[in-house]
Amino acid sequence: MTAGLPGTGIGGMFYLVSAFATPLWQAYLRVRGRRSHGWGLVAAQTAIAGVILAAVWATGWLLGVALRASQHFIPTATTLPPGNLLPALALLFSVGTLAAVLLGVELLRLCVRRRADREIPIDRHQSRRAVAAGERPGRVLLLVFGAVVAAHARPAAAQGTLATGPLGRADSAFAAGDARAAEREYAAVLATDPWNSHATYRLAQLHRHDPRLALRLFRRYVALEPSDPWGYMAVADMLARAGRYGEALRWYHDALRLAPGERDAVVGRARTLVRARRTGAAIAAYTGWLRAHPTDAEVRRELAAARVAAAPAITPLVGGSRDSDGNTTLRLGGTAELAAPGPTRLGVRVTREQVRDGVTAIGLDELTLRATARPEGALQIDAEGGATRVDAVGGAGATLTPTGQVRVRWREPMGGPAVDVRARRNVIDASPLLVTNRVVRTEIGAIVELPLASRLKLRGIGRTAALSSSFDLNHRTTLAGVVAVAVTPSVELSGQMHEIRYSRPSSAGYFAPRLIQMAQVGSYIELETARSVVLAFDLGVGVQRVAQQGAAIGPWRSALRLYSLIAVPLAPGRELRFELDSDDSGVAAESATTAQWRYVAMQLSLRLALP
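Residues numbered from 1 in each chain as written. Predicted model: local features only at pLDDT ≥ 70, side-chain atom pairs only at ≥ 80, totals over all residues. Heavy atoms only, no water.

Asker: Run through the overall build of the protein, naming residues and quoting values.
Answerer: Secondary structure summary: the protein contains 15 helices and 18 strands in total. Scored against the burial criterion, the 611 residues of the protein give a buried share of 39%. In the form shown here, the protein has an accessible surface area of approximately 31700 Å², with 63% of it arising from carbon and sulfur atoms. (Helix = DSSP H or I, 4+ residues; strand = E, 2+ residues; numbered from the N terminus. Buried < 20%, exposed > 50% of the residue type's maximum accessible area, 1.4 Å probe, protein only. Areas by Shrake-Rupley, 256 points an atom, 1.4 Å probe, with all protein chains shown as cover.)

Asker: A description of helix α14 (residues 297-310) should follow, citing residues and the corresponding values.
Answerer: Taking 1.5 Å of rise per residue, 14 residues should cover 20 Å, and α14 covers 20 Å from first to last C-alpha, within 8% of that figure. Listed in full, the buried residues belonging to α14 are V299, E302, L303, A306 and A310. One face of α14 carries all of its buried residues, which in axial projection span an arc of 105 degrees. A distance of 3.4 Å separates the backbone nitrogen of E298 from a side-chain oxygen at the start of α14, and that oxygen is part of D296. (Expected span 1.5 Å × (residues − 1). Arc of directions from axis to C-beta. Polar contact = N/O pair within 3.5 Å; in protein donor to acceptor, adjacent residues only side chain to side chain.)

Asker: An account of the pairing of strand β18 (residues 599-609) is needed here, citing residue identities and associated values.
Answerer: Pairing geometry for strand β3 (residues 313-323) and β18, over nine bridges, is antiparallel. Looking across to β18, one finds that R322 is bridged to V600. Direction of pairing for strand β17 (residues 574-583) relative to β18: antiparallel, over a ladder of ten bridges. Bridge pairing in β18 places F578 opposite L604. (Pairing = 2+ DSSP bridges.)

Asker: Outline the environment of Q544, supporting the account with residue identities and numerical values.
Answerer: Checked against the element boundaries, Q544 lands in strand β15 (residues 534-547). Sequence spacing of Q544 and Q517 is 27 residues, and the spatial spacing of their C-alpha atoms is 5.5 Å.

Asker: I'd like a description of the environment of G404, backed by residues and values.
Answerer: The residue G404 is located in strand β8 (residues 399-411) in this model. For the pair formed by G404 and T368, sequence separation is 36 residues and the distance between their alpha carbons is 7.4 Å. Contact partners of G404, with chain neighbours within four places excluded, come to E384, G385, A423, R424 and R425. (Contact = heavy atoms within 4.5 Å.)

Asker: Provide a residue-level description of the side chain of T335, including the pertinent values.
Answerer: Within the secondary structure layout, T335 lies in strand β4 (residues 328-337). Residue T335 is classed as buried on the basis of its relative accessible area, which comes to 9%. T335 has contacts with A313, I314, T315, V348, R349 and R370, leaving out every residue within four places of it along the chain.

Asker: Please set out the pattern of salt bridges residue by residue, giving values where relevant.
Answerer: Oppositely charged side chains can form a pair if their charged atoms are brought close together. The tally for this structure, following the rule as stated, stands at 31 salt bridges. The partner of R331 in a salt bridge is E353, with the nearest N and O atoms 3.3 Å apart. Separated by 22 residues along the polypeptide, R331 in strand β4 and E353 in strand β5 (residues 344-356) bring together distant segments of the chain. For the pair R331 and E353, a shared accessibility class is recorded, and that class is buried. Taking the shortest distance from any N to any O, the salt bridge between R561 and D538 comes out at 3.1 Å. A residue pair is termed long-range when its members are at least 10 positions apart, and R561 in strand β16 (residues 557-571) and D538 in strand β15 qualify at 23 residues. The network of salt bridges with shared partners includes R263, D264, R271, D296, E298 and E302. (Salt bridge = Lys/Arg side-chain N within 4 Å of Asp/Glu carboxyl O.)

Asker: Which residues make up the side chain of T401, and what are the values?
Answerer: By the element assignment, T401 lies in strand β8. Once you skip the residues sitting within four places of it in the chain, T401 turns out to touch A387, T388, R425, V427 and V440.

Asker: How would you explain the pairing of strand β7 (residues 379-390) if you had to name every residue and give the values?
Answerer: Across eleven bridges, strand β6 (residues 361-376) lies against β7 in antiparallel orientation. If you follow R370 over to β7, its bridge partner there is E384. When β7 meets β8, the two strands line up antiparallel, connected through twelve bridges. Paired with G385 across the two strands is G404, which belongs to β8.

Asker: If you had to explain the nonpolar core to someone new, which residues and values would you point to?
Answerer: In a soluble, globular protein the nonpolar side chains are often hidden away together inside. Ranked by size, the top nonpolar core spans 46 residues in total, and within it Y186, F218, V235, W251 and Y286 carry the most contacts. Element by element, the count of residues in this core is highest for helix α10 (residues 229-241), at nine residues. In this structure Y186 touches L167, A170, D171, F174, H198, A199, R202, L203 and L206, once residues within four positions along its chain are discounted. Counting 16 residues, the second-largest nonpolar core is a separate cluster that includes A430, A508, Y510 and A592. (Core = buried A, V, L, I, M, F, W, Y, C linked by side-chain atoms within 4.5 Å.)

Asker: So what about the packing of helix α7 (residues 179-192) against helix α8 (residues 197-206)? Which residues, and what values?
Answerer: Axis separation between α7 and α8 bottoms out at 9 Å; the angle between their running directions is 145 degrees. Considering only the axes of α7 and α8, their crossing is left-handed. Across the interface between the two elements, A179, A182, E183, Y186, A187, V189 and L190 from α7 touch H198, A199, T200, R202, L203 and L206 from α8. For the contact of α7 with α8, the per-class residue count stands at nine nonpolar, two polar and two charged. (Axes fitted to C-alpha atoms, helices over the stretch in contact; angles between N-to-C directions. Left-handed = near helix turned anticlockwise from the far one by under 90°. Nonpolar A, V, L, I, M, F, W, Y, C, P; charged D, E, K, R; others polar.)

Asker: Please give an account of the packing of aromatic side chains that cites residues and values.
Answerer: Applying the stated criterion to the full structure yields five aromatic pairs. Pairing Y201 with Y221 gives two aromatic rings, centres 4.9 Å apart and planes at 70 degrees, and the pair type is edge-to-face. Placement of the pair is Y201 in helix α8 and Y221 in helix α9 (residues 211-224), with a sequence separation of 20 residues. Of the two residues examined, Y201 and Y221, each falls in the buried class. For the ring pair Y502 and Y510, a centre distance of 6.3 Å and an interplane angle of 35 degrees mean the geometry is tilted. For Y502, a relative accessible area of 5% puts it in the buried group. (Phe/Tyr/Trp six-rings, centres within 6.5 Å; stacked < 30°, edge-to-face > 60°.)

Asker: Could you give an account of α8, with specific residues and numbers?
Answerer: With ten of ten residues buried, α8 lies mostly within the body of the structure. S197, H198, A199, T200, Y201, R202, L203, A204, Q205 and L206 are the residues of α8 that are buried. Residue N196 occupies the N-cap position of α8, its side-chain oxygen lying 3.3 Å from the main-chain nitrogen of H198.

Asker: How would you sum up a nonpolar patch on the surface? Please name residues and give values.
Answerer: On the surface, a cluster of nonpolar side chains totalling about 610 Å² of accessible area is made up of V318, L330, L332, I566, F578, V600, M602 and L604. Mapped by element, the contributors of at least two residues to the nonpolar patch are β4 and β18. Take the nonpolar patch: its biggest share by element is three residues, from β18. (Patch = residues over 30% accessible without salt bridge, like charges linked within 9 Å, V, L, I, M, F, W, Y side chains within 5 Å.)

Asker: Run through the confidence of the model for the protein, naming residues and quoting values.
Answerer: Confidence along the protein averages 80 in pLDDT terms, with 74% of residues attaining 70 or more. Counted against residues more than four places away or in other chains, residues 1-7, with its pLDDT under 50, gives eight contacts. Confidence over residues 112-164 falls short of pLDDT 50; this stretch has 118 contacts with residues more than four positions distant or in other chains. (pLDDT = per-residue confidence, 0-100.)

Asker: I'd like to hear about the packing of helix α12 (residues 263-275) against α14, residue by residue, with values.
Answerer: Remark: α12 packs on α14, axes separated minimally by 11 Å, with the N-to-C direction vectors making an angle of 15 degrees. Put simply, α12 runs roughly parallel to α14. Considering only the axes of α12 and α14, their crossing is left-handed. The residues of α14 that touch α12, namely those facing R263, V267, R271 and V274, are E298, V299, E302 and A306. Across the contact of α12 with α14, the residue classes break down as four nonpolar, no polar and four charged. (Parallel < 35°, antiparallel > 145°, perpendicular 65-115°, else oblique.)

Laid out in structure tokens, this is it:
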């Protein structure tokens, strides 16, 4: 036997039959309109098989010639038949043995159902198992030899090089954590064998950063392996991550129909219910599982967290601000939230605020009813309604001003467009002068986000506000464009251009130039530590210029802004939050008094879930 070439045994004959069937398979793919790969390699393998077959035939022919020649010197007990039949007999014996083996395998396939091998890759939320099946289930071969060859024969290159080589190399690279090499090898397998379910599943796992492609591949896997509940769970998990909770729950239902007692299906469904804020149903699912598996510590912790999320809570808070004009504010109050087993949560907010400028002090009381609803994973609605009472000052009596806001946020589930619309009405309370003059802002605005590439986004911002006071009515419009790049999942860089216009000057106590232009480079960072401490920072650095009413635009000057949030979980149901907001742009808010105005504001709150 020559090294690297098959012999004349069963394996060698299977190779020869597969090699000669390869051109027929490629022609079949071409007729069906499918992609055909490797014609050069197919021709080479077929030529090699032809040479091997000719060598086998020649060997049999030479043996026959040798036996006939030996009769003249060595007498034999039998008489050889006329002609040289040894080459045909050798091939017939090998092909007959191969046909018998293939027939036996196919008969066993009808009786024994091969179970899929599974592996458990690491996932942040839950385990995933991959089925390592490489052929379409239920393929039954005809008993006629020609049909056996046609059904079994993938191209010889695919059997010997692309099916075992790339698949083995891909699994090795996957196990070693080399995602790029594994993706390349799994793609090579699927290019030759589109029905390879194992490669389909692994490739979907490697493309989790691309939700659309991963979801399509997982759905393809389910079509190839409809009896495997893990495929349904993989689809459900991707849908849940995309916020499509209703669809995810339906896929979990299909998985539970196939595997009613599978832990990952039960717990995955419960986690999806928690994400959808259907905590009542999630608590019932967790409780049912613990009833049958009381020692599951992880599920017990998640049940406790779900109960905390659904429980009523109170949040005392203290905050204040100071600006470059010497105005200070101090705010005390808190919020109370009712129990919410469903997607809607109700609450009430009460605050008392004192505003000073070193000479004058004035107080405000605010009472607001709040509601937050998430009817679908992609849609969130926040609404507040109430009133703000301003204390009597000087000769004026106390006043009551209706206030509130409505915010609607929608994001396409698979990382597509997003829309954020907000309408609000509130009292401007940065200084005693603004409060005394009863400056009220009524504003409506929207932010539209469009993805340009996988990590590149374009945002458009538009707002219009009416500023009413005891003296006048003014209008402020804001237009902005933002180009943002997601450097990592937790870091975003952006370039921003803002333009703000006031319709007229005002004597109510705020700065109202004709035009403000601002250019900034921004960075948003959000980190979560191993102990679930959340750190968020929104920083902007740039320049701005201002045009007074009836005057030309002035020179550029620096413009800075900073917002940060620190959330520290102290215990289940207890979270301490600190917020810092600072602005040195001078014109970012209606409370600015000059182009050089600056301010800093802080707030500390503690959320306590009630038992």
